[in-house]
Amino acid sequence: MAKKAKRSKEIKKKLLHKYRLVILNESTFEEKISFKLSRLNVFVTGTLAIILLIGLTTLLIAFTPLREYIPGYSSTRLKRQATELTYKTDSLVTVLNYTNKYLENVQKVLRGDIENNEINRDSLFERYKLDPSSINLRPIQEDLQLREQVELEDKYNLFERNAETIGTILFAPVSGTLSQEYDADKKHFAVDIVAPQGASVKSVADGVVIFSEWTASTGYVIIIEHKNDLTSVYKHNGSLAKSQGDHVVAGEVIASVGNTGELTTGPHLHFELWLKGKPVNPLDFIDFN
């Protein structure tokens, strides 16, 4: 016990023993600054300085952009850009899925897999979201009477043209002679225009090409989507001058008159107009004379 007490006193004495730190002028040996120190003071001061340094370093790394220069830490700007790109990608995937389903239905019409009067672009997307069996689609008697009255008024209206509903003027796609007019009763939702082989086929309005391919029944086909939910279809072409995704302006050459496909009897243009997903009579919008 005596040895332990003696040893403790010696350690305490060493820790509390005073030292003098003197800073002298090297040339004149003049004393400039002096400090009274002990081992305990130096140890405590050094420990506090180290703790303070670690704390400041942690704060700088946690709350300042300096952490971006340390390997392993990602940039805040990169995180924000990644989040924005994730949202944009999700939106683009949704739009792409809708567009693909719309184009699939257009291709089915061109191949004859479904009837033209079944296509309604506004309902293409909805039918993948709703259960058709849960909706009552039967019109009421008052609705039928109103429709008959409106159709009768529109049929004999000499002062109002359907062209006003699309808000633009349409150009004739080709110069020629009408060989067959629009006849909804016979499922002929188009006009046939006889023209010389190789004559230029032009876009009726500004728009974007959404289909430009070969089909067995109607040969070279090109479809253009215009504003106000208007779509124009050109079939039996001899060749195509535009590809899917191209932007065209009114009167721009998009194809040439031909005699391609199984359902043709000579060089002519089979021209269709679709308004809001339903076929309409092109003669109501375009003057072919």
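Residues numbered from 1 in each chain as written. Predicted model: local features only at pLDDT ≥ 70, side-chain atom pairs only at ≥ 80, totals over all residues. Heavy atoms only, no water.

### Description of the overall build of the protein
- For the protein, the count of helices and strands is five helices and 12 strands.
- Considering only intrachain contacts with a sequence separation of at least 6, the fraction spanning at least 24 residues in the protein is 55%.
- Split by element, the accessible area of the protein, about 20500 Å² in all, is 57% carbon and sulfur. (Helix = DSSP H or I, 4+ residues; strand = E, 2+ residues; numbered from the N terminus. Contact = heavy atoms within 4.5 Å. Areas by Shrake-Rupley, 256 points an atom, 1.4 Å probe, with all protein chains shown as cover.)

### Here's the deal with the nonpolar core
- Judged by nonpolar contacts, the single largest core of 26 residues is most densely connected at Leu170, Tyr234, Ile254, Phe271, Leu273 and Ile286.
- Listed by contribution, the elements that provide at least two residues to this core are strand 4 (191–194), strand 7 (219–226), strand 8 (230–240), strand 10 (253–257) and strand 11 (268–275).
- With four residues, strand 11 is the single largest residue contributor to this core.
- The residues touching Phe271, leaving out its near neighbours within four places in the chain, are Pro173, Ala190, Val191, Val204, Ser232, Val233, Tyr234, Pro282, Ile286 and Phe288. (Core = buried A, V, L, I, M, F, W, Y, C linked by side-chain atoms within 4.5 Å. Buried < 20%, exposed > 50% of the residue type's maximum accessible area, 1.4 Å probe, protein only.)

### A short note on the pattern of salt bridges
- A full pass over the atoms with the stated rule returns two salt bridges.
- Linking Lys235 and Glu272 is a salt bridge whose minimum nitrogen-to-oxygen distance equals 3.0 Å. In this pair, Lys235 sits in strand 8 while Glu272 sits in strand 11, placing the two residues 37 residues apart along the sequence.
- We classify Lys235 as buried; its relative accessible area is 7%.
- Among the ionic pairs, Lys242 bridges to Glu252, the shortest N-O distance being 2.6 Å. Residue Lys242 is located in the loop between strand 8 and strand 9 (247–248), and its partner Glu252 is located in the loop between strand 9 and strand 10; the two are separated by 10 residues in the primary sequence. (Salt bridge = Lys/Arg side-chain N within 4 Å of Asp/Glu carboxyl O.)

### As for a nonpolar patch on the surface
- A cluster of nonpolar side chains, Ile11, Leu15, Leu16, Leu40, Phe43, Val44, Leu48 and Ile51, forms an exposed patch at the surface whose accessible area comes to about 740 Å².
- Mapped onto the nonpolar patch, the elements with two or more residues apiece are helix 1 (2–16) and helix 2 (39–63).
- As for its placement among the helices and strands, Leu16 is situated in helix 1. (Patch = residues over 30% accessible without salt bridge, like charges linked within 9 Å, V, L, I, M, F, W, Y side chains within 5 Å.)

### Let's talk about the pairing of strand 1 (residues 18–24)
- Sheet topology places strand 1 next to strand 2 (residues 31–38); seven bridges connect them, and they run antiparallel. In the strand pairing of strand 2, Lys18 is matched with Ser38.
- Two successive antiparallel strands, strand 1 and strand 2, enclose a turn made up of six residues, where Phe29 displays a positive phi of approximately 60°. (Pairing = 2+ DSSP bridges.)

### Quick notes on the environment of Ile33
- Relative to the helices and strands, Ile33 resides in strand 2.
- Sequence separation between Ile33 and Leu21 is 12 residues; the distance between their C-alpha atoms is 8.1 Å.
- For Ile33, the contacting residues outside a window of four places in its chain are Leu21, Val22 and Ile23.

### Quick word on helix 1
- Taking 1.5 Å per residue, 15 residues should reach 21 Å; helix 1 reaches 21 Å between its end C-alpha atoms and fits that length.
- With respect to burial, helix 1 is a largely exposed element, only zero of its 15 residues being buried. (Expected span 1.5 Å × (residues − 1).)

### Concerning the confidence of the model for the protein
- Residues of the protein with pLDDT of at least 70 account for 79%, and the chain-wide mean is 80.
- For the stretch residues 156–161, pLDDT sits under 50, and the model shows two contacts to residues farther than four places along the chain or on other chains. (pLDDT = per-residue confidence, 0-100.)

### Remarks on the side chain of Ser232
- The residue Ser232 is located in strand 8 in this model.
- In terms of polar contacts, Ser232 uses its side chain to reach the side chain of His226, at 2.7 Å. (Polar contact = N/O pair within 3.5 Å; in protein donor to acceptor, adjacent residues only side chain to side chain.)

### Side note on unusual backbone geometry
- One non-glycine residue, Asn228, lies in the positive phi region at around 60°.
- The residue Asn228 is located in the loop between strand 7 and strand 8 in this model.
- Positive phi values are uncommon outside glycine, yet His236 reaches one of about 65°.
- Looking at the element boundaries, His236 is found in strand 8.

### What to know about the packing of aromatic side chains
- Considering all chains together, one arrives at three aromatic pairs under this definition.
- Between Tyr182 and Phe189 the ring centres are 6.1 Å apart and the planes differ by 65°, which places this aromatic pair in the edge-to-face class.
- Residue class for Phe189 comes out buried when judged on its relative accessible area of 8%. (Phe/Tyr/Trp six-rings, centres within 6.5 Å; stacked < 30°, edge-to-face > 60°.)

### Some thoughts on the environment of Ile286
- Within the secondary structure, Ile286 sits in the segment after strand 12 (278–280).
- A relative accessible area of 3% means that Ile286 is categorised as buried.

### A few points about the pairing of strand 11
- When you tally the buried positions in strand 11, you get eight out of eight residues, the bulk of the element.
- Across the two faces of strand 11 the burial is the same, with His268, His270, Glu272 and Trp274 and Leu269, Phe271, Leu273 and Leu275 all buried.
- When strand 4 meets strand 11, the two strands line up antiparallel, connected through four bridges. Residue Asp192 lies in a different strand from strand 11, and its bridge partner there is His270.
- Pairing analysis gives six bridges linking strand 8 to strand 11, with the strands arranged antiparallel. Considered in strand 11, the bridge of Leu230 is made with Leu275.
- Relative to strand 12, strand 11 runs antiparallel, the two sharing three bridges. Residue pairing in the sheet places Leu275 in a bridge with Lys278 of strand 12.
- Here strand 11 folds back onto strand 12 in antiparallel fashion, the turn holding two residues, of which Lys276 has a positive phi close to 55°.

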